[in-house]
Structures are given as structure tokens and as C-alpha cells.
Amino acid sequence: MINDALAQIAPKPTEELKKPLKVKFAGEEGIDAGGVKKEFFQLMVKQLFDPVYGMFTYKQDINAFWFNIAASE
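Residues numbered from 1 in each chain as written. Predicted model: local features only at pLDDT ≥ 70, side-chain atom pairs only at ≥ 80, totals over all residues. Heavy atoms only, no water.

A. Just the pairing of strand 1 (residues 56–59), in detail. Pairing of strand 1 with strand 2 (residues 64–67), which is carried by four bridges, proceeds in the antiparallel orientation. Within the sheet, the bridge partner assigned to phenylalanine 56 lies in strand 2 and is phenylalanine 67. Remark: four residues form the turn of the hairpin made by strand 1 and strand 2, two consecutive strands paired antiparallel; asparagine 63 in that turn has positive phi of roughly 55°. (Pairing = 2+ DSSP bridges. Helix = DSSP H or I, 4+ residues; strand = E, 2+ residues; numbered from the N terminus.)

This is how it looks when you write it as C-alpha cells:
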């Protein structure tokens, strides 16, 4: 999902990125009145903080997530 989202926004000029975000899931008919956008961000955050994805690591001693220094990007 992260790669799909990045592929959609990467080619956009900076001015386009300043406009309100409109979210549409492939294969779903949903009008984005806030619910679809909320679901999008919930799914993105869940995937970003998943240890398997590797972007963040959980530091149990401070009870927080932190950037994974071993991540390649």
C-alpha cells in the first residue's frame, strides 16, 4: 500500500501536493467525505509501524517507536 501511494504522488508537481488529498481505493465505490481518507491513514500508519516493514523499531525501555537505523531507505 505504501508503494502504491508513493507511486501515485511521486510524479505530481509540488503545487499539486498542497491541494486537499482525495483518496479512492481500487475496486471500491466510496465517496471520500472523510471516512475513506481516515481509513487510508489508519492503514498507512499501521503498515509503517509494522516491525516487518522495518521503518521503525519499538524501544521497550522508553515505550516508544523510533526510526530503524538499519533500514536501507
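B. Representation of the environment of glutamate 29 in the model. Residue position: glutamate 29 is located in the loop between helix 2 (14–17) and helix 3 (35–48). In this structure, the C-alpha to C-alpha distance between glutamate 29 and lysine 46, residues 17 residues apart in sequence, is 23 Å.

C. Here's a closer look at the pattern of salt bridges. Here the structure, examined in full by the defined rule, presents two salt bridges. Residues lysine 18 and glutamate 15 are paired through a salt bridge, measuring 3.4 Å at the closest nitrogen-oxygen approach. Each member of the pair, lysine 18 together with glutamate 15, is exposed. We note a salt bridge from lysine 19 to glutamate 16, for which the minimum N-O separation is 3.1 Å. (Salt bridge = Lys/Arg side-chain N within 4 Å of Asp/Glu carboxyl O. Buried < 20%, exposed > 50% of the residue type's maximum accessible area, 1.4 Å probe, protein only.)

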